[in-house]
Amino acid sequence: MSKKRIFSGAQPTGRLHLGNYLGALKNWVALQDDYEAFYCVVNLHAITLPQDPATLRQATLDLARIYLAAGVDPEKATIFIQSDVHEHAELTWILSCVARMGELERMTQFKDKSQKGGRERSSVGLFIYPILMAADILLYQTDLVPVGQDQKQHLELTRDLAERFNRDFGAAFKVPEPYIPKAGASIKSLQDPAKKMSKSDENEAGSIFLLDDADTVAKKIKRAVTDSGTEITFDETRPAINNLLTIYQLVTEKSQAECVEQFAGKGYGQFKGELAEAVIEYLRPFQERISTYDDEALNTILKSGAEKAAAIASKTMLDVYQKVGIR
Ligand code: ATP
Ligand code: LTN
């Protein structure tokens, strides 16, 4: 039996943080053995907000390097850059004619991301961002999409668009399922556990970036806010300690019970010290690997990735054009 297919992507904007890693990348690596995996650097998504061109070009390559350093194996998974496969933009147009204003207006990410400059001044690209994401996924007849909790609504829209197209024009798309981890789906800011850890957070102290050195990690954890009460337990009503303990659990791969037992009767100071050590150890192999991929090796991997991706995407696109009456 052939393997089921997974697709996921991240934007080459800003620095990746522990939330991106624990919510998404970690699962990409875990799933690549059992699935036929496609991992995309979504540079077309990046320009929905203003980007400096030279920075974007470099960040696109750097993000592919991060996938590799995180353990995505190019022998197993296909790694490519979104803009190298022109079908992503083409299917976005077709799906834009299937999607409805009303359903896009309900997308909470647009509401959040357009808040800063105001809706009136937001790009239309930011508004239709979820359609581009749907195109990414649907082009590959994807079974499963590993993402963090914040992308769930976009996945629901993707499913709706696939079902609507299939109903109106004939079956062209597989309807994908989200894969959202139980723990780690939404890692919170260390400074405000009501918000998710985010690349675009102005307060750097809230995020642990994957390339932060040991000192910086230790300082950020030391300064992390805590809740009232002293017990170190998983407790949704104490979101700060819940978040820190979740991070500890994920980086050490211990069970919840083991973590709770380990810190029973201990104070925040000791817990934070052990957490910092665990995070530093967790990031070390990743940080050592990041410099081992030079641009030439990277470009070879990306070129072959784009060819593999295009072979599938072009088939879906031809079928879609034929069904719509364009070809
Ligand atoms: P940010 O909100 O940090 O700017 P993003 O969602 O714009 O990030 P991407 O790089 O496109 O950034 O996201 C890559 C993956 O990381 C997605 O699957 C997303 O769901 C996941 N992710 C982002 N933030 C978190 C978080 N705090 N906890 C868990 N997963 C997260
Ligand atoms: N919107 C996603 C990134 C993304 C994606 C995708 C994720 C773009 N296309 C396809 C999974 C599948 C985000 O995390 N910001």
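Here, the structure is the one placed above.
Predicted, not measured: the structure shown is a model, and the values here were computed from it.

Definitions and cut-offs
- Residues numbered from 1 in each chain as written.
- Chains lettered and ligands numbered in written order.
- Predicted model: local features only at pLDDT ≥ 70, side-chain atom pairs only at ≥ 80, totals over all residues.
- Heavy atoms only, no water.
- Phe/Tyr/Trp six-rings, centres within 6.5 Å; stacked < 30°, edge-to-face > 60°.
- Helix = DSSP H or I, 4+ residues; strand = E, 2+ residues; numbered from the N terminus.
- Buried < 20%, exposed > 50% of the residue type's maximum accessible area, 1.4 Å probe, protein only.
- Near = heavy atom within 4 Å.
- Polar contact = N/O pair within 3.5 Å; in protein donor to acceptor, adjacent residues only side chain to side chain.
- Areas by Shrake-Rupley, 256 points an atom, 1.4 Å probe, with all protein chains shown as cover.
- Nonpolar A, V, L, I, M, F, W, Y, C, P; charged D, E, K, R; others polar.
- Contact = heavy atoms within 4.5 Å.
- Axes fitted to C-alpha atoms, helices over the stretch in contact; angles between N-to-C directions.
- Left-handed = near helix turned anticlockwise from the far one by under 90°.
- Salt bridge = Lys/Arg side-chain N within 4 Å of Asp/Glu carboxyl O.

> Where do I start with the packing of aromatic side chains in this structure?
Centre-to-centre distance and the angle between the planes together describe a pair of aromatic rings. The final tally for this structure, using the stated rule, is 14 aromatic pairs. Considering the side-chain rings of Phe-7 and Tyr-140, the 5.2 Å spacing of their centres and the 20 degrees angle between planes classify their relative orientation as stacked. Of the two residues, Phe-7 sits in strand β1 (residues 5-10) while Tyr-140 sits in the loop between α7 (124-139) and β4 (144-146), which places them 133 residues apart along the sequence. As far as the burial class goes, Phe-7 and Tyr-140 line up, both buried.

> Which parts of the structure should I look at to understand the site of ligand 1?
What surrounds ligand 1 is a group of 21 residues, the closest being His-17, Asp-150, Ile-187, Lys-196 and Lys-199. A distance of 2.5 Å is found between an oxygen atom of ligand 1 and a side-chain nitrogen or oxygen belonging to Asp-150. In the environment of ligand 1, a nitrogen atom lies 3.0 Å from a nitrogen or oxygen atom belonging to the backbone of Met-197. Protein coverage of the free-state accessible area of ligand 1, which is 600 Å², stands at 96%. The element that contributes the greatest number of residues to the shell around ligand 1 is helix α1 (residues 18-31), accounting for four residues. Within the shell around ligand 1, the residues separate by chemical class into six nonpolar, 11 polar and four charged.

> What exactly am I supposed to notice about the site of ligand 2 here?
As a structural note, the neighbourhood of ligand 2 is formed by 13 residues, with His-45, Tyr-129, Met-133, Asp-136 and Gln-151 the closest of them. Taking Asp-136, its side chain carries an N or O atom lying 2.6 Å from a nitrogen atom of ligand 2. Compared with its free state, where it exposes 360 Å², ligand 2 has 91% of that area covered by protein. Sorting the residues of the shell around ligand 2 by element identifies β1 and α7 as the ones contributing at least two each. By residue number, the principal contributor to the shell around ligand 2 is α7, which donates four residues. Among the residues making up the shell around ligand 2, the classes are represented as seven nonpolar, five polar and one charged.

> Hey, could you run me through the environment of Ile-180 in this one?
The residue Ile-180 is located in the loop between β5 (177-179) and α9 (214-223) in this model. Sequence separation of Ile-180 and Arg-119 is 61 residues, and the distance between their C-alpha atoms is 29 Å. Non-local contacts of Ile-180, meaning those with residues more than four positions away in its chain, are made with Val-147, Gly-148, Gln-149, Lys-152 and Ala-185.

> So what exactly am I meant to see when it comes to the side chain of Gln-249 here?
Checked against the element boundaries, Gln-249 lands in helix α10 (residues 239-252). Residues in contact with Gln-249, not counting those within four places in the same chain, are Ala-183, Phe-234, Lys-254, Ser-255, Gln-256 and Cys-259.

> Looking at this structure, how should I read the packing of α10 against helix α11 (residues 256-263)?
Two quantities define a packed helix pair, namely the angle between the helix axes and the distance between the axes. The N-to-C vectors of α10 and α11 enclose an angle of 115 degrees; their axes lie 10 Å apart at closest approach. Read as a crossing pair, α10 and α11 show a hand that is right-handed. Two secondary-structure elements touch here, α10 through Leu-245, Tyr-248 and Gln-249 and α11 through Gln-256, Cys-259, Gln-262 and Phe-263. Along the lines of polarity and charge, the residues of the contact of α10 with α11 split into four nonpolar, three polar and no charged.

> Would you mind showing me how to read the pattern of salt bridges here?
Should their charged atoms come close, side chains of opposite charge can pair. All told, the structure shown has 18 salt bridges when counted by the stated rule. Note that Lys-26 is salt-bridged to Glu-253, the shortest N-O span being 3.8 Å. Taken together, the positions of Lys-26 in helix α1 and Glu-253 in the loop between α10 and α11 put the pair 227 residues apart, joining distant regions of the chain. For Glu-253, a relative accessible area of 63% gives the class exposed. Between Glu-103 and Arg-164 there is a salt bridge; the shortest N-O distance is 2.7 Å. Of this pair, Glu-103 sits in helix α5 (residues 101-105) while Arg-164 sits in helix α8 (residues 152-169), placing them 61 residues apart in sequence. The same class applies to Glu-103 and to Arg-164, which are both buried. What you see here is one network of salt bridges that share partners, running through Asp-62, Arg-65 and Asp-295.

Any link to function would need more than the numbers given here.
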